[in-house]
Amino acid sequence: MKSNISIIGVPMDLGQSRRGVDMGPSAMRYAGAVERLEALGYKLHDHGDISITRPDKYETGQAYKLKNLLQVVEANEILAMIIDQAVEKGNFPLVFGGDHSIAIGSLAGIAKHYDQLGVIWYDAHGDLNTEETSPSGNIHGMPLAVSLGLGHEKLTSIAGYTPKVKSENIVIIGARSLDPGEKELIRRKGIQVFTMHEVDRLGMAIVIERAISYLKPRTDGVHLSVDLDGLDPSEAPGVGTPVIGGMTYRESHLAMEMLAETGMITSAEFVEVNPILDEKNKTATLAVGLMGSLFGEKLK
Ligand SMILES: NC(=[NH2+])NCCC[C@H](N)C(=O)O
Ligand SMILES: [Mn+2]
Ligand SMILES: [Mn+2]
């Protein structure tokens, strides 16, 4: 993997309804993210946290069904710019969320540098909703659809181009809560999904092997998006939309280690850590441990 890592914190919780996930970047820094990666020999460039406009700057009762649309767009435009520069410099962008809507900006900043960017979406959810199919109006349920070019024009046009990724370059791992419109989209686009059924049935090692052999020949870079609710809430309680029956701590570390061995991951984000809902920073600490494995930490 690249030897320079650019860390960008996005303290934003406006893509969903439960406050607190804006404190995710602090919690992951407090859990020692920077030191952990430095100890592995990487050079860290901490860009700090981008500044987020609170909703009250705009009129309340926005004329959009999408919650806090304007603020989410603003934050993602800024994030995309910073990431664009980090990739330009040859650094590995590592984003600390924030709710999952920030993947829109991550992918917008990254994808222009690749012809065939792959995406691994490690999540209980598909985040493939659009304004029409969303049950909640929460933009954190939409970033993957937006990156495919589907959804509100203000979101799909972030960084001035669309789409960011192709449906055949996406692999979702850990899904166990998909809305009807998301299922329809997965079928229609033939998106590769390893649900919890496959994780249980095949085991994580085979799931990751299949994800790797699927993506390797068709992509020239892979963005890893880790939503901490992909893990089981018993191990990662500090998330806003927990879903029972998730991936374990051990499966998740194995996944990160296997991805590290391939060297194919070119950017990553860790999102949805909500310190208010967490227990003694357990979820942020878990996220930082996963980062360690992703960047090559080994026991022997
Ligand atoms: N990034 C997440 N945690 N997404 C949860 C999305 C939940 C639900 N599918 C929705 O669209 O509202
Ligand atoms: Mn999720
Ligand atoms: Mn998500």
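Model, not experiment: these values are computed from the prediction.

About the criteria used
Residues numbered from 1 in each chain as written. Chains lettered and ligands numbered in written order. Predicted model: local features only at pLDDT ≥ 70, side-chain atom pairs only at ≥ 80, totals over all residues. Helix = DSSP H or I, 4+ residues; strand = E, 2+ residues; numbered from the N terminus. Rg over C-alpha atoms; globule rule 2.2 N^0.38 Å. Buried ≥ 20, exposed ≤ 12 C-beta atoms within 10 Å, placed from the backbone. Contact = placed C-beta atoms within 7 Å. Pairing = 2+ DSSP bridges. Axes fitted to C-alpha atoms, helices over the stretch in contact; angles between N-to-C directions. UniProt positions renumbered as here; feature names shortened; annotations may be inferred. Arc of directions from axis to C-beta. pLDDT = per-residue confidence, 0-100. Expected span 1.5 Å × (residues − 1). Near = placed C-beta within 6 Å. Nonpolar A, V, L, I, M, F, W, Y, C, P; charged D, E, K, R; others polar. Core = buried A, V, L, I, M, F, W, Y, C linked by C-beta atoms within 7 Å. Parallel < 35°, antiparallel > 145°, perpendicular 65-115°, else oblique. Left-handed = near helix turned anticlockwise from the far one by under 90°.

A. Molecular detail of the overall build of the protein chain. Broken down by element type, the protein chain carries eleven helices and eight strands. Since a compact globule built from 300 residues should have a radius of gyration of about 19 Å, the 17 Å found for the protein chain is in line with a globular shape. Once the C-alpha set of the protein chain is aligned to its principal axes, its extents read approximately 55 × 40 × 40 Å. The burial tally for the protein chain puts 55% of its 300 residues in the buried class. Once local pairs closer than 6 in sequence are excluded, the contacts in the protein chain between residues at least 24 apart make up 76%.

B. Highlighting the sheet that holds strand E7 (residues 221–227). Taken in spatial order, the eight strands line up as E2-E1-E3-E8-E7-E4-E5-E6 in an open sheet, and their pairing is parallel. Each end of this open sheet is capped by a strand with a single partner; those strands are strand E2 (43–49) and strand E6 (192–195). Geometrically, the sheet is characterised by an average inter-axis angle of 15° between neighbouring strands, direction not taken into account. Against the sheet, helix H3 (residues 69–88) makes contact with strand E1 (4–10), E2 and strand E3 (92–97), and its axis sits at roughly 175° relative to E1, the strand it touches most. Where helix H9 (residues 204–215) meets the sheet, its contacts fall on strand E4 (117–122), strand E5 (170–175), E6 and E7, and the angle it forms with E5 comes to roughly 165°.

C. Main features of the UniProt feature "binding site: Mn(2+)" (unreviewed entry) in the protein chain. The feature "binding site: Mn(2+)" (unreviewed entry), as given by UniProt, occupies His 100, Asp 123, His 125, Asp 127, Asp 227 and Asp 229 in the numbering adopted here. A maximum C-alpha distance of 12.0 Å is found for the annotated residues, which run over 130 residues; spatially they form one tight group. Along the polypeptide, His 125 turns up in the loop between E4 and helix H5 (143–147). Judged by C-beta crowding, with 25 C-beta atoms within 10 Å, His 125 ranks as buried. Sequence-distant contacts of His 125, that is, excluding residues within four places in its chain, are made with Gly 141, Ala 175, Ser 177 and Asp 227.

D. Structural detail: the environment of Thr 266. In this structure, Thr 266 sits in strand E8 (residues 265–271). As for Thr 266 and Asp 220, which are separated by 46 residues in sequence, their C-alpha atoms are 9.1 Å apart. Look past the residues within four positions of Thr 266 in its chain and what remains in contact with it is Phe 92, Gly 221, Val 222 and His 223.

E. Highlighting helix H7 (residues 180–189). Inspection of H7 places Glu 182, Leu 185 and Ile 186 among the buried residues, and these make up the whole buried set. Summarising the axial view, the buried residues of H7 lie within an arc of 100°, below the 170-degree limit, and thus occupy one face. Facing away from the buried side of H7, by more than 90 degrees, are the exposed residues Pro 180, Arg 187 and Arg 188. Each element contacted by the buried residues of H7 is listed here: H5 and E6. Backbone geometry just downstream of H7 places Gly 190 in the positive-phi region, at approximately 65°.

F. Structural detail: the confidence of the model for the protein chain. When pLDDT is averaged across the protein chain, the result is 96; 97% of the residues are at 70 or more. Two summary scores accompany this predicted model of the complex, namely pTM at 0.97 and ipTM at 0.95.

G. A look at helix H11 (residues 282–294). End to end, H11 covers 18 Å across 13 residues, agreeing with the expected 18 Å (1.5 Å per residue, within 8%). For H11, the buried fraction is high: ten of the 13 residues fall into the buried class. Taken residue by residue, H11 has Thr 283, Ala 284, Thr 285, Leu 286, Ala 287, Val 288, Leu 290, Met 291, Gly 292 and Leu 294 as its buried positions.

H. Quick peek at the site of ligand 1. Surveying the vicinity of ligand 1 reveals 15 residues, the closest of which are His 100, His 125, Ser 136, His 140 and Gly 141. Looking at the shell around ligand 1 residue by residue, the class counts come to one nonpolar, nine polar and five charged.

I. A look at the nonpolar core. If you look at the biggest cluster of nonpolar residues, it comprises 96 residues, and the most contacted ones within it are Met 28 and Ala 287. No other element matches H3, which puts ten residues into this core. Here Met 28 is in contact with Ala 33, Phe 96, Phe 270, Val 273, Ala 284, Ala 287 and Val 288, once residues within four sequence places are set aside.

J. Structural detail: unusual backbone geometry. With an omega dihedral of 10°, the bond running from Gly 97 to Gly 98 counts as a cis peptide bond. Mapped onto the elements, Gly 98 comes out in the loop between E3 and helix H4 (103–111). A cis amide bond links Thr 162 with the next residue in sequence, Pro 163, at an omega value of -5°. Its identity as a non-glycine residue notwithstanding, Asn 68 has a phi of 55°, on the positive side.

K. Focus on the packing of helix H10 (residues 249–262) against H11. Packing of H10 against H11 leaves a shortest axis separation of 7 Å and a crossing angle of 30°. Considering their axes alone, H10 and H11 lie roughly parallel with respect to each other. The handedness of the crossing between H10 and H11 is right-handed. Counting all contacts with H10, which are made through Tyr 249, Ser 252, His 253, Met 256, Glu 257, Leu 259 and Ala 260, the residues of H11 involved are Leu 286, Leu 290, Ser 293 and Leu 294. Of the residues assigned to the contact of H10 with H11, the class counts are seven nonpolar, three polar and one charged.

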